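Understanding the architecture of this molecule
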Amino acid sequence: MKTRAIVIGSGFAGTAAAASLAQKGYAVTVLEKNAEPGGRARVWKQDGFSFDMGPSFYWMPEVFERFFARFGVQVKDLYDLVRLDPSYSVVFPAGEEWAVPADRKALRSFFDGHEPGAGKALDEFLEEAKVKYDLGMGELVYRPSLSWSEYAHPGLIGGLLKTKVFRSLRKHVRAHFKHPHLQALMEFPVLFLGAAPQNTPALYSLMNYADLELGTWYPMGGMGSVVDAMVRVAREQGAEFRMNEDVQEIIVDRNGRATGVRTASGTFSADIVVASADYHHVERDLLREEHRSYSPDFWKKRTMAPSTLLFFLGFDRELDGLSHHTLFFDEPLDLHSSEIYDHPQWPSRPLFYTSCTSKTDPTTAPAGHENLVILIPIAPGLTDTETIREQYFATVMDRLARHIGFDPRPHLVLKRSYCINDLEADYNAYRGNAYGLANTILQTGPLRPRVKSRKVSGLYFTGQLTVPGPGVPPALISGQVVADLIHKEIPSRTERP
Ligand SMILES: Cc1cc2nc3c(=O)[nH]c(=O)nc-3n(C[C@H](O)[C@H](O)[C@H](O)COP(=O)(O)OP(=O)(O)OC[C@H]3O[C@@H](n4cnc5c(N)ncnc54)[C@H](O)[C@@H]3O)c2cc1C
């Protein structure tokens, strides 16, 4: 009989773990509380419109290639990827708009055009960032980070010492670029890690390399195409997916061993449990106190990645003048950032981001129509009410109207908002976080919650609250890392002599 593994949750991390474990000979069952897979990357379809409810920036395409290659398939056989050019647009104060070119030569001239010498500074910055990217994404990130000794490798240490790793990303950027808009452009990618640039180590300038060198891509059909491809691959490996199975308890025997889980529909026995649902929820709600590795005080002190207020909108006309991705940096970045991290409150002058996939993909809106997702980052744990959501809707629509030169509200035919209360209800997200635990200096590598329980044997964790961190590529990697660790520690019975 095969060793049985239960995976709680079917987001990128859980599905990656399920596919990898099934391939290694485990009998895998994925239990997902929602009606469809994908977790935070689910898709909402209504009246001919389709919306990615979570991630929209597809970065680091080779992470996806490397994942699918484990199963002998290539991305091109699964979904069509398009490189966006411009990668995205940024709207600065006074309506100034920068469309960031995808082509490296054009990008260099673009930098020079805004600050003499910035093209050369960009080359130097990205050359150094490439070293970090190659080491970080090729080596560091695929380790379970159970101890610092995993990093005691002369090649790694030597490589990292050649680069600026521990100074803040902000200082690193400012040592290269003086123009405030160029600084904002170079600081933007680390917002995906959930922390402010002044609190993020310069190790993460590897994100600039991912952004400006490797590019912004779009999977036709939206992020849901990637979810579908992953689930298909996992099923082909033999993993079973059961939707609408809300796990209510992880069963632990007298010897401190995980022996299965309980859902509303019954008990599922297992030899191994992999929890990809939010770590805090798993420990607080699914385990008895003596089986938890982390105290309430530990969680209180963590820096969570921001939450978000989202609007999913359908319009009965095209939104001329809007790019596929647009960042509205027309208000002060530092004020908004301090209202997320230092003095958590609803932002007084919010920055926001819009994603209009129908600019690239006609399948995501009816002909002559446009779909639009608006995302406002906010502090996790705020009071979320309908009245507050509507106030922000009015603010962002006014600014959007100014930018595109007409008020799109009379053309609105579909509207849904989504915020903290929904993130908590749909994903059991701690304080309604959108993308997990931030990658701050003190929440990197072995300083993050562990992939392996300290208290319960056979219980493992994966996903954006453990290593390596927030974002789709890290979640994909997290699932593979935990599967490889399990395989090393508890080989499937079928493999044992
Ligand atoms: C609005 C938004 C925008 C984002 N934008 C980007 C982006 O542009 N690019 C990018 O790379 N990343 C982005 N991210 C982050 C990215 O989506 C996440 O890092 C990634 O999807 C997390 O995957 P995961 O598997 O760790 O977690 P999840 O996707 O949350 O998966 C966990 C799963 O567990 C399930 N679950 C929870 N509790 C239980 C239970 N008790 N029983 C059974 N199942 C349970 C949940 O329903 C969920 O399906 C964004 C996230 C959000 C929310």
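Quick caveat: nothing in here was measured; it's all calculated off a predicted structure.

Sheet architecture is open: 3 strands sit in the order E10-E11-E12, paired in antiparallel fashion. Two strands lie at the open edges of the sheet, namely strand E10 (247-252) and strand E12 (266-269), each paired on one side alone. If you compare each strand with its neighbour and ignore which way they point, the axes differ by 25° on average. Judged from the 5 bridges that link them, E10 and strand E11 (residues 258-263) form a sheet pairing that is antiparallel. Counterpart to Ile250 in the pairing with E11 is Val261.

Before going further, it helps to spend a moment on the pairing of strand E3 (residues 43-46). Bridge analysis of E3 against strand E4 (residues 49-52) gives 4 bridges, and the strand direction is antiparallel. Counted as the bridge partner of Lys45 is Ser50 from E4. Hairpin connection of E3 to E4: 2 residues between the antiparallel strands, including Asp47 at a positive phi of 50°.

Glu32, Arg40, Phe57, Gln464 and Val472 are the nearest of the 38 residues found near the ligand. Residue Arg40 places a side-chain N or O atom 2.5 Å away from an oxygen atom belonging to the ligand. With respect to the ligand, the side chain of Asn428 contributes an N or O atom lying 2.9 Å from a nitrogen atom. When the ligand is considered free in solution it has 1,000 Å² of accessible area, and contact with the protein chains removes 97% of it. Counting residues per element, the ones that place at least two in the shell around the ligand are helix H1 (12-23), helix H14 (420-427) and helix H15 (472-489). It is H15 that contributes the most residues to the shell around the ligand, 3 residues altogether. When grouped by side-chain class, the residues that make up the shell around the ligand number 18 nonpolar, 14 polar and 6 charged.

Before going further, it helps to spend a moment on the pattern of salt bridges. It is possible for side chains of opposite charge to pair when their charged atoms get near one another. Applying the stated rule across the entire model yields 34 salt bridges. Among the ionic pairs, Lys120 bridges to Glu124, the shortest N-O distance being 3.1 Å. Of this pair, Lys120 and Glu124 are both found in helix H4 (residues 118-138), 4 residues apart, which corresponds to roughly one turn of the helix. Residue classification places Lys120 among the exposed residues on the basis of a relative accessible area of 52%. Of the residues examined, Glu124 reaches a relative accessible area of 40% and is grouped as partly exposed. Several salt bridges share partner residues, and in doing so they unite Arg104, Arg108, Asp112, Asp123 and Glu213 into one network.

Taking strand neighbours across the sheet as the criterion, the 7 strands line up as E7-E6-E15-E16-E17-E14-E18 in an open arrangement whose pairing is mixed. Each edge of the open sheet is held by one strand with a lone partner, namely strand E7 (97-100) and strand E18 (412-418). The mean angle between the axes of side-by-side strands here comes to 20°, regardless of whether they run parallel or antiparallel. Pairing of strand E16 (residues 352-355) with strand E17 (residues 370-378) involves 3 bridges; the strand directions are antiparallel. The residue of E17 that forms the bridge with Ser355 is Val373.

Moving on, we get to the packing of helix H3 (residues 104-114) against H4. Packing of H3 against H4 brings their axes to within 7 Å, and their N-to-C directions diverge by 130°. By the criterion of interaxial angle, the relationship of H3 to H4 is oblique. Contacts from Arg104, Leu107, Arg108, Phe111 and Asp112 of H3 reach H4 at Ala118, Gly119, Lys120, Leu122, Asp123 and Leu126. Taken together, the residues of the contact of H3 with H4 sort by class into 5 nonpolar, 1 polar and 5 charged.

Grouped together as the largest cluster of nonpolar side chains are 96 residues, with contacts concentrated most on Val28, Phe111 and Phe177. Once residues within four sequence positions are removed from consideration, Val28 is found in contact with Ala5, Val7, Ala18, Leu21, Ala22, Gly238, Ala239 and Glu240.

On to the packing of aromatic side chains. This model, assessed by the stated rule, comprises 37 aromatic pairs. Positioned above the aromatic ring of Phe298 is the side chain of Arg302, whose terminal nitrogen or guanidinium carbon lies 3.9 Å from the ring centre. The ring of Phe393 is capped by Lys415, whose NZ or CZ atom sits 3.8 Å from the centre of that ring.

Calculation notes
- Residues numbered from 1 in each chain as written.
- Predicted model: local features only at pLDDT ≥ 70, side-chain atom pairs only at ≥ 80, totals over all residues.
- Heavy atoms only, no water.
- Pairing = 2+ DSSP bridges.
- Helix = DSSP H or I, 4+ residues; strand = E, 2+ residues; numbered from the N terminus.
- Axes fitted to C-alpha atoms, helices over the stretch in contact; angles between N-to-C directions.
- Near = heavy atom within 4 Å.
- Polar contact = N/O pair within 3.5 Å; in protein donor to acceptor, adjacent residues only side chain to side chain.
- Areas by Shrake-Rupley, 256 points an atom, 1.4 Å probe, with all protein chains shown as cover.
- Nonpolar A, V, L, I, M, F, W, Y, C, P; charged D, E, K, R; others polar.
- Salt bridge = Lys/Arg side-chain N within 4 Å of Asp/Glu carboxyl O.
- Buried < 20%, exposed > 50% of the residue type's maximum accessible area, 1.4 Å probe, protein only.
- Parallel < 35°, antiparallel > 145°, perpendicular 65-115°, else oblique.
- Contact = heavy atoms within 4.5 Å.
- Core = buried A, V, L, I, M, F, W, Y, C linked by side-chain atoms within 4.5 Å.
- Phe/Tyr/Trp six-rings, centres within 6.5 Å; stacked < 30°, edge-to-face > 60°.
- Lys NZ or Arg CZ within 6 Å of the ring centre and 35° of its normal.

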